[in-house]
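Architecture at a glance
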Amino acid sequence: MGTVFSFDVRGGEPRAVLQALAEAVAGLHRVDALFSTYREDSEVSQLARGELTVAQCAPEVAEVLELAAEAERVSDGWFSTRYRGSLDPTGIVKGWSAERAARLLAAVDGVCGVSVNGGGDVQLLGAPEPQRPWRVGVSDPLRPGGLAAVISAAGVDELSVATSGTAERGDHIVDPRTGRSAVTDLVAVTVVGPRLTWVDCWATAAFAMGSRAGLAWLESLPDVEALLITAGDEVRCTGGLAARLG
């Protein structure tokens, strides 16, 4: 997937945790082998060339494509699995695979908290210690090394944080209507919600929409909060984000 994953697991019997961690890492490598658009032999590449059908692919492919179709429906087409005319579900794969890895680790007996960070997009489950929630710093895209906000998982058992923007990878987000780079006043959108599968999609879609339409759409989604930063250094937030800061 062209990025770094990190794991923080609290509690559990060490050998059981290490075994689950090995399974989680193997699962991520399997996802990369199935979905990478840079590998000619991946099932997604073969599917895009018409050499395989969805039914002939691994079950994970059908699962991801179904989730992506739901994301496209909810976003009114602003999230899409078509990238410059070709099948490319990678906009959902990283969040989905990180969430899946986190849930595998959280299922180990005795584990009280899990954090999985996939390239800056984070799935949090449980808590690192009693009375101490997970906290995630959101990078300031206009001030390298600085933080735009700190998100707290206080009071919830599941929280995820995903950011889409131009600071790390430049203009890589495409407007699905034109097939070209999205023309937007935004430099970053950070979305907060229970499941990384979805907030990863919502951040991408909202970035392509622009600050006004993106903020209005994000406000309409249940259990979702967001922080949007424009190229003019304006910060716009959903109404409930303040409750997640800390």
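Report on the accompanying structure. This one's a predicted model, so the numbers in the text were calculated from it and none came from an experiment.

If you walk through the whole model with that rule in mind, you get 17 salt bridges. Between Asp 32 and Arg 39 there is a salt bridge, with the nearest N and O atoms lying 3.6 Å from each other. Judged by relative accessible area, which is 33%, Arg 39 ranks as partly exposed. Of the charged contacts, one joins Glu 234 and Arg 236 as a salt bridge, the two residues approaching to 3.1 Å between their closest N and O atoms. Judged by relative accessible area, Glu 234 falls into the partly exposed class, the value being 43%. If you follow the salt bridges from partner to partner, you end up with Glu 99, Arg 103, Glu 158 and Arg 195 in one network.

In terms of backbone geometry, most residues other than glycine have negative phi values and most peptide bonds are trans. You will see that Asp 76, though not glycine, has its phi angle at about 55°, which is positive. In this fold, Asp 76 is placed in the loop between helix H3 (59–74) and strand E2 (82–83). Of the residues examined, Asp 76 reaches a relative accessible area of 68% and is grouped as exposed. In this structure, Gln 131 takes a positive phi of about 65° despite not being glycine. Counting through the fold element by element, Gln 131 comes out in the loop between strand E5 (121–126) and strand E6 (135–139).

Counting across every chain of the model gives 3 aromatic pairs. Considering the side-chain rings of Trp 198 and Trp 202, the 5.5 Å spacing of their centres and the 10° angle between planes classify their relative orientation as stacked. Of the two residues, Trp 198 and Trp 202 both sit in helix H5 (residues 196–209), 4 residues apart, roughly one turn of that helix. Judged by relative accessible area, which is 18%, Trp 198 ranks as buried. Measuring from ring centre to ring centre gives 5.5 Å for Trp 202 and Trp 217, while their planes differ by 90°; the resulting arrangement is edge-to-face. Here the residue Trp 202 occupies a position in helix H5, and Trp 217 occupies one in helix H6 (residues 211–220), the gap between them amounting to 15 residues. You can call Trp 217 buried: its relative accessible area is 13%. An aromatic cluster is present here, built from Trp 198, Trp 202 and Trp 217 joined pairwise through their rings.

So, about the environment of Leu 196. Considering the arrangement of structural elements, one finds Leu 196 in helix H5. Residue Leu 196 is classed as buried on the basis of its relative accessible area, which comes to 0%. A sequence separation of 35 residues divides Leu 196 from Val 161, and the C-alpha atoms of the two residues are 6.8 Å apart. Filtering out sequence-adjacent residues up to four positions away, Leu 196 remains in contact with Gly 95, Ala 98, Glu 99, Asp 121, Val 122, Gln 123, Ser 160, Val 161 and Ala 162.

On to H6, then. Within the span of H6, buried status applies to Ser 211, Gly 214, Leu 215, Trp 217 and Leu 218. Along the axis of H6, the buried residues cluster in a sector spanning 165°; they form a single face. Away from its buried face, by an angle of more than 90 degrees, H6 presents the exposed residues Arg 212, Ala 216 and Ser 220. Looking at the buried side of H6, the elements it contacts are H3, strand E11 (186–193), H5, strand E12 (225–230) and strand E13 (235–237).

Rules and cut-offs
Residues numbered from 1 in each chain as written. Predicted model: local features only at pLDDT ≥ 70, side-chain atom pairs only at ≥ 80, totals over all residues. Heavy atoms only, no water. Salt bridge = Lys/Arg side-chain N within 4 Å of Asp/Glu carboxyl O. Buried < 20%, exposed > 50% of the residue type's maximum accessible area, 1.4 Å probe, protein only. Helix = DSSP H or I, 4+ residues; strand = E, 2+ residues; numbered from the N terminus. Phe/Tyr/Trp six-rings, centres within 6.5 Å; stacked < 30°, edge-to-face > 60°. Contact = heavy atoms within 4.5 Å. Arc of directions from axis to C-beta.

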